[in-house]
Amino acid sequence: MSSISNTRVPLVDKAEESVEDRKANEFGPLTSKQFLYEVRSRDGEPLNDPILDTPSYYVVVITYLNYLILIILGQLHDFLGMTFQKEKHQDIMEKDGLAPWFSKFESFYVRRLKLRIDDCFSRPTTGVPGRFITCIDRISHELNRYYTYPGTTTMCLNLSSYNYLGFAQSEGLCTAAALESIDKYGICAGGPRTQLGTMDLHYETEKLVARFVGKEDAMVFSQGYGSNANFFNSILDPKCLIISDELNHTSIRTGVRLSGATVKAFKHNNMEVLEKLIKDQIVSGQPKTHRPWKKILICVEGLFSMEGTMCNLPKLVELKNKYKCYLFVDEAHSIGAIGRHGRGVCDYFGISPSNVDIMMGTFTKSFGAAGGYIAADKNIIDRLRCDLTTTNYSESVPPAVLSQTCTSLRIIAGELNPGEGLERLQRIAFNSRYLRLALKRLGFIVYGIADSPVVPLLLYAPSKMPAFSRMMLQRKIAIVVVAYPATPLIESRVRFCVSSSLTKEDIDYLLRHVNEVGDKLFLKVSTGKAGGSLDGKPPRWDIDEVIRRTPADCRDDQYFAN
């Protein structure tokens, strides 16, 4: 423990916090230019098939046994409770001839499994989610049935927010621009120079987004989820086909269902399966009539937020052109955070955005704002402006949010404060590579590509989720654990969200504690197939050696598996 205590990240007490201290807590200073990495374009080269590291059979068996024991105990608890404590189980029991609020079977997972670890989710926070995040302390009662709040807070190192480029700050160009827009326009979209809730700032943002992503035109929306959920029914109908990656976000799934179009899913990032599916659907055509499909839309995400993997854009473009399909890419997690210039997957692969028909993204991650956008050719955007329900039935984006978006976009593009955007991009690239390779060398199973700011570390057994989360909180580190149904049942994980606001020393601090917790919870089950091994042996590097050697090695692609 002595080596850990010597590397603690300094925290500043809020009562004594100056402006300089607050800036450092929200965005850590760069300690050396050695801790920057410039992402290289792939120049149209597709990704190699990923090499997945899998645990030993005993890990899988233990994971299933864990769930079996929890299910048996939960069923026993239900039986005894409904027999001897009926007053505590009114929600799943009939009363006065009326049906229960919840089905016993359908609510079982939430009541008997998730409730046990509810204190690990939705922890209340306050303030800016920057380099550090302030968690509001709470005390759990009756196995997380309710909480009390003592009125204290804990400042934690933040590995839990989507603040990829660190633009969520209370000081700086973005904040100043947001405050200025409030003085000029007011809090809501109803100030001077407005037209039915649309301001000149909306038009300016749309032009800036279109120019940034490389499309003719764009539309901005007040909610990222709604951008997807309401988009598809404007361009598709039951005579159209959507071919969707099986791991696409729920907002896409909601949107395609609302459209009424036929949906076919293909195995995640498997281009051979995708091509076969396209061929089969072209041959068979529409159900019943077997007429040709009006449109076939391939739908993928740029960066998959649960896996840390990226769509194979070069191959997708090849298939799209070969079979005359359309291509939709959701860049919620990739825009701003991926690519040499932060312009997403097209920038990363060195492919012209003209090869992607529709590009969707959100402002809630890399830009520190809120809302989303759809970017495409002008004729498509003109059509959407006529009948897209998102704009017809929702509030317009507030001026402060638009100003935050515009300012962060200009910083990334180098139009404001030249050099700052490039530094942020190079810092997140270094931090992502360093953390991923270091975790692999310590012996953990980690998913995702080298440059992904989402770093999933596999936990497997359900009992290890709450243990890992609580032990990290004790060490003043905020992380996110994810379980079924967001992941496969036996692949529960902790999802580290890397930010450019973190320093190299912050990641060293994180690694020392993750290494210690990993030893206690027996999480180091990597075989080394996906990188990190020495001489082909399972990686079990010493933590001091990892911190000493990995910063230089993380620049070399030979240490990463696609």
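About the cut-offs
Residues numbered from 1 in each chain as written. Predicted model: local features only at pLDDT ≥ 70, side-chain atom pairs only at ≥ 80, totals over all residues. Heavy atoms only, no water. Helix = DSSP H or I, 4+ residues; strand = E, 2+ residues; numbered from the N terminus. Rg over C-alpha atoms; globule rule 2.2 N^0.38 Å. Buried < 20%, exposed > 50% of the residue type's maximum accessible area, 1.4 Å probe, protein only. Contact = heavy atoms within 4.5 Å. Core = buried A, V, L, I, M, F, W, Y, C linked by side-chain atoms within 4.5 Å. Patch = residues over 30% accessible without salt bridge, like charges linked within 9 Å, V, L, I, M, F, W, Y side chains within 5 Å. Areas by Shrake-Rupley, 256 points an atom, 1.4 Å probe, with all protein chains shown as cover. Salt bridge = Lys/Arg side-chain N within 4 Å of Asp/Glu carboxyl O. Pairing = 2+ DSSP bridges. Axes fitted to C-alpha atoms, helices over the stretch in contact; angles between N-to-C directions. Right-handed = clockwise from strand over helix to strand, strands pointing away. UniProt positions renumbered as here; feature names shortened; annotations may be inferred. Parallel < 35°, antiparallel > 145°, perpendicular 65-115°, else oblique. Left-handed = near helix turned anticlockwise from the far one by under 90°. Nonpolar A, V, L, I, M, F, W, Y, C, P; charged D, E, K, R; others polar. 1 Å grid on protein atoms, 1.4 Å probe; cavity = no way out; pocket = protein on both sides within 12 Å on 5 of 7 lines; lining within 4 Å. Points joined across faces, edges and corners; volume = space filled by probe spheres on them.

S.K.: Would you mind going over the overall build of the protein in detail, with residue names and values included?
M.R.: Of the regular secondary structure elements, the protein holds 19 helices and 18 strands. For 562 residues, the compact-globule estimate of 2.2 N^0.38 gives 24 Å, and the C-alpha radius of gyration of the protein, at 25 Å, lies within 12% of that figure. Seen through its principal axes, the protein has C-alpha atoms that stretch 65 × 60 × 55 Å. Here the protein, with 562 residues, has 53% of them falling under the buried criterion. Restricting the contact set of the protein to residue pairs at least 6 apart, pairs at least 24 apart contribute 72%.

S.K.: Run through the nonpolar core, naming residues and quoting values.
M.R.: One finds L313, L439, F468 and F496 to be the most contacted residues of the largest nonpolar core, which totals 113 residues. Ranked by the residues each element gives to this core, the list is headed by helix α16 (residues 420-442), at ten residues. Setting aside its immediate chain neighbours within four residues, L313 contacts L327, V329, V345, C346, F349, I351 and V356. F221, I358, L384 and L388 belong to the second largest nonpolar core, which has 21 residues in total.

S.K.: Residues and numbers for a nonpolar patch on the surface, please.
M.R.: Side chains of I69, L73, L76, F79, L80 and F84 sit close together on the surface and give an oily, nonpolar patch of about 630 Å² of accessible area. Tracing the chain through its elements places F84 in helix α3 (residues 57-84).

S.K.: Explain the sheet that holds strand β18 (residues 492-497) to me, using residue names and the numbers behind them.
M.R.: Read across the open sheet, the three strands follow the order β15-β18-β17; overall the sheet is antiparallel. The two strands at the open ends of the sheet, each matched to only one other strand, are β15 (454-460) and β17 (480-482). Here the strands of the sheet are splayed against their neighbours by 30° on average, with no regard to which way each runs.

S.K.: Before we move on, could you go through the pairing of strand β12 (residues 326-330) and cite the residues and values that matter?
M.R.: When you tally the buried positions in β12, you get four out of five residues, the bulk of the element. Where strand β11 (residues 296-301) meets β12, five bridges bridge the pair, whose relative direction is parallel. Bridge pairing links L297 to Y326 in β12. What joins β11 to β12 is helix α11 (residues 313-323), and the crossover it makes is right-handed. In this sheet, strand β13 (residues 358-362) lies alongside β12 in parallel orientation, the contact comprising three bridges. The partner of F328 across the bridge, within β13, is I358.

S.K.: So what about the UniProt feature "transmembrane region" (unreviewed entry) in the protein? Which residues, and what values?
M.R.: UniProt feature "transmembrane region" (unreviewed entry): in the numbering of this structure it lies at residues 56-76. Helix makes up 95% of residues 56-76 and strand 0%. Its end C-alpha atoms lie 31 Å apart.

S.K.: Before we move on, could you go through the packing of helix α6 (residues 200-213) against helix α15 (residues 399-413) and cite the residues and values that matter?
M.R.: Direction vectors running N to C along α6 and α15 enclose 30°, while the axes themselves pass 10 Å from each other. Put simply, α6 runs roughly parallel to α15. Viewed along their axes, α6 and α15 form a crossing whose handedness is left-handed. Between α6, through L201, H202, E204, T205, L208, V209 and F212, and α15, the contact on the second element is made entirely by P399, L402, S403, T405, C406, L409, R410, I412 and A413. Here the residues of the contact of α6 with α15 sort into ten nonpolar, four polar and two charged.

S.K.: Describe in detail the packing of α16 against helix α18 (residues 504-521), supporting the description with residues and values.
M.R.: For the pair α16 and α18, the least separation of the axes is 11 Å and the interaxial angle reads 20°. Between α16 and α18, the crossing angle belongs to the class labelled roughly parallel. Crossing handedness for the pair α16 and α18: right-handed. In this structure, α16 uses F430, N431, Y434, L435, A438, L439 and L442 to contact α18, whose residues at the interface are K504, I507, D508, L510, L511, V514 and N515. A breakdown of the residues in the contact of α16 with α18 according to their chemical character gives ten nonpolar, two polar and two charged.

S.K.: Residues and numbers for the sheet that holds strand β10 (residues 262-266), please.
M.R.: What holds strands together in a sheet is hydrogen bonding between their backbones, with the strands either parallel or antiparallel. Strand order in this open sheet of seven strands is β8-β14-β13-β12-β11-β9-β10, and the pairing throughout is mixed. Since the sheet does not close on itself, it has two edges, and those belong to β8 (217-221) and β10, each with one partner. The sheet shows a mean angle of 20° between the axes of neighbouring strands, taken without regard to direction. Pairing geometry for β13 and strand β14 (residues 372-376), over five bridges, is antiparallel. Of the residues in β14, the one forming a bridge with I358 is A376. The sheet strands contacting α11 are β11 and β12, and the helix crosses β12 at an angle near 155°.

S.K.: Before we move on, can you summarise the pairing of β18 with the specific residues and values?
M.R.: Of all six residues that make up β18, six are buried, and the element is covered over most of its length. On β18, burial covers both faces: S492, V494 and F496 on one face and R493, R495 and C497 on the other are all buried. Bridging between β15 and β18 involves six bridges; their strand directions are antiparallel. Its bridge partner being in β18, L457 is matched across the sheet by V494.

S.K.: Outline empty space enclosed by the protein, listing residues and values.
M.R.: For the structure on display, the rule yields three cavities of 30 Å³ or more. Put simply, the largest cavity is a space of about 50 Å³. Lining the largest cavity, in full, are P29, L30, T31, F35, R427, F430, N431, L502, T503 and K504. Counting residues per element, the lining of the largest cavity draws most heavily on α16, at three residues. Tallied by class, the residues present in the lining of the largest cavity amount to five nonpolar, three polar and two charged.

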